[in-house]
Amino acid sequence: MSSHAGTAQWQYVLPNKRKVSPKEPFSAYFRKVSEMASDMRALQSETCGYQPRLYQEDCRLEGAVPAEWADLIITSPPYINNYDYADATRLEMTMMGEIEGWKDLQGAVRTHLVRSCTQHVSAYASDVYQILKNPLLRPILDELEPTVMALDAEREMHGGKKNYHAMIVHYFLDLAQVWMQMRRISRSGSSVCFVIGDSAPYGIHVPVEQWLGRLALAAGFKSFEFSKFRDRNIKWKNRKHQIPLHEGHLWIHG
Ligand SMILES: C[S@@+](CC[C@H](N)C(=O)[O-])C[C@H]1O[C@@H](n2cnc3c(N)ncnc32)[C@H](O)[C@@H]1O
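Residues numbered from 1 in each chain as written. Predicted model: local features only at pLDDT ≥ 70, side-chain atom pairs only at ≥ 80, totals over all residues. Heavy atoms only, no water.

## Things to note about helix H5 (residues 141–155)
- Between the first and last C-alpha of H5 there are 20 Å, a value that for 15 residues agrees with the 21 Å anticipated at 1.5 Å per step.
- By the burial criterion, the buried members of H5 are Leu144, Thr147, Val148, Leu151 and Arg155. Along the long axis of H5, the arc covered by the buried residues comes to 105°, so they all point the same way. (Helix = DSSP H or I, 4+ residues; strand = E, 2+ residues; numbered from the N terminus. Expected span 1.5 Å × (residues − 1). Buried < 20%, exposed > 50% of the residue type's maximum accessible area, 1.4 Å probe, protein only. Arc of directions from axis to C-beta.)

And the structure:
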């Protein structure tokens, strides 16, 4: 039988909650795969014969998409919320024999991902102030640097001493590279839509969409606007901080 343990969103397991009726694993797996195949068939029948192409590449680096190819880019990048996308692949990769355990994720997965969690940046934490000098970060340095210093000071007051200061430097450096690539592949007059939310590690606000907008302008786009679709962190008392956050579409034009 598959596990009786309850689960929450993402990869979290709730050991004290039990599933009402745990499924037999192979039939559960087959049902899920069939559901995905039927979704894909339904959508493919609406594409008027257009064949999608998939590239397994790192969006920070120059890849196979030719210059000035796109006129609309829609994407949902990782938020800077300390969610470990590499860990989310651990169960499947272990089952498929691609890794032996958690320690293999660093080389097999993390190095290919945008750095949006502290587990990903601990090795570079001591170089933060050197990395801040990277010219790609110059367009936001006036606000980024004081925020990094505030997070660095704040971490000393917490037992976990989380490297949020390193996380934000690497996140914006990675996204600055992504904007360079998006400018390269998009035509003049095109639009980009980012689904994005802001963040407040240790209660220190990081205005993510504003900084991403400024990085996009520095990469050569002409304008940006943010349209909020959801408030976050307002309904209940967050035990870590009470900064109101939001989520929405960051539109970039030019
Ligand atoms: C918020 S999720 C969105 C996933 C998907 N678009 C969806 O709606 O379900 C962000 C995704 O970005 C991927 N990602 C992170 N770093 C990347 C990189 N350097 N290049 C390409 N994809 C990356 C993550 O693995 C994750 O699947």
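## A word on the packing of helix H6 (residues 164–185) against helix H7 (residues 208–218)
- Taken N-terminus to C-terminus, the directions of H6 and H7 make an angle of 40°; their axes are 9 Å apart at the nearest point. When the axes of H6 and H7 are compared, the pair comes out oblique. Here the hand of the crossing between H6 and H7 comes out right-handed. Between H6, through Tyr171, Phe172, Leu175, Ala176 and Trp179, and H7, the contact on the second element is made entirely by Val208, Trp211, Leu212, Leu215 and Ala216. (Axes fitted to C-alpha atoms, helices over the stretch in contact; angles between N-to-C directions. Parallel < 35°, antiparallel > 145°, perpendicular 65-115°, else oblique. Left-handed = near helix turned anticlockwise from the far one by under 90°. Contact = heavy atoms within 4.5 Å.)

## Structural notes on the state of the cysteines
- Applying the stated criterion across every chain, the model contains zero disulfides.
- With no disulfide of its own, Cys59 lies 15 Å from the sulfur of Cys117, the closest cysteine sulfur. (Disulfide = S-S within 2.5 Å.)

## A few points about the packing of H5 against H6
- Direction vectors running N to C along H5 and H6 enclose 155°, while the axes themselves pass 7 Å from each other. With respect to H6, the axis of H5 lies roughly antiparallel. Touching Leu144, Thr147, Val148, Leu151, Asp152 and Arg155 of H5 are Tyr164, His165, Ile168, Val169 and Phe172, all from H6.
- Per-class residue counts for the contact of H5 with H6 are seven nonpolar, two polar and two charged. (Nonpolar A, V, L, I, M, F, W, Y, C, P; charged D, E, K, R; others polar.)

## Regarding the packing of aromatic side chains
- Applying the stated criterion to the full structure yields six aromatic pairs.
- Between Tyr171 and Phe172, the aromatic rings sit 5.2 Å apart at their centres with planes inclined by 90°, giving edge-to-face as the arrangement.
- We classify Tyr171 as buried; its relative accessible area is 0%.
- Consider the rings of Trp179 and Phe194, whose centres lie 4.6 Å apart with planes at 20°: the pair is stacked. Here Trp179, found in helix H6, pairs with Phe194, found in strand S4 (residues 186–197); they are 15 residues apart in sequence, far enough to count as distant. (Phe/Tyr/Trp six-rings, centres within 6.5 Å; stacked < 30°, edge-to-face > 60°.)

## Overview of the domain arrangement of the chain
- For the chain, the assigned domains are domain 1 (1–52) and domain 2 (68–253).
- With centres defined by C-alpha atoms, the gap from domain 1 to domain 2 works out at 28 Å. (Domains from an automatic or database assignment.)

## A word on the site of the ligand
- Near the ligand the following residues occur: Glu57, Asp58, Cys59, Arg60, Ser76, Pro77, Pro78, Tyr85, His112, Leu113 and Val114.
- Between the ligand and Asp58, the relevant distance is 3.0 Å, taken from a nitrogen atom to a side-chain nitrogen or oxygen of the residue.
- Here Val114 contributes a backbone N or O atom positioned 2.9 Å from a nitrogen atom of the ligand.
- Classifying every residue of the shell around the ligand gives six nonpolar, two polar and three charged. (Near = heavy atom within 4 Å. Polar contact = N/O pair within 3.5 Å; in protein donor to acceptor, adjacent residues only side chain to side chain.)

## As for the pattern of salt bridges
- Applying the stated rule across the entire model yields 15 salt bridges.
- Taking the shortest distance from any N to any O, the salt bridge between Arg60 and Asp174 comes out at 3.0 Å. Here Arg60, found in the loop between helix H1 (25–44) and strand S3 (70–75), pairs with Asp174, found in helix H6; they are 114 residues apart in sequence, far enough to count as distant.
- Note that Arg90 and Asp87 form a salt bridge whose closest N and O atoms lie 2.6 Å from each other.
- The exposure class assigned to Arg90 is partly exposed, which follows from its relative accessible area of 32%.
- Each member of the salt-bridge network shares a partner with another, and the members are Asp58, Arg60, Arg115 and Asp174. (Salt bridge = Lys/Arg side-chain N within 4 Å of Asp/Glu carboxyl O.)

## Let's talk about the nonpolar core
- By size, the foremost hydrophobic cluster in this structure holds 46 residues, and its most contacted members are Leu144, Phe172, Trp179 and Leu212.
- Mapped onto this core, the elements with two or more residues apiece are S3, helix H4 (128–131), H5, H6, S4, H7 and strand S6 (245–253).
- Setting aside residues no more than four positions away along its own chain, Phe172 makes contact with Ile80, Leu137, Ile140, Leu144, Val206, Val208, Trp211, Leu212 and Leu215.
- Counting residues in each nonpolar core, the second largest holds five residues, with Ala86, Met93, Ile99 and Val109 among its members. (Core = buried A, V, L, I, M, F, W, Y, C linked by side-chain atoms within 4.5 Å.)

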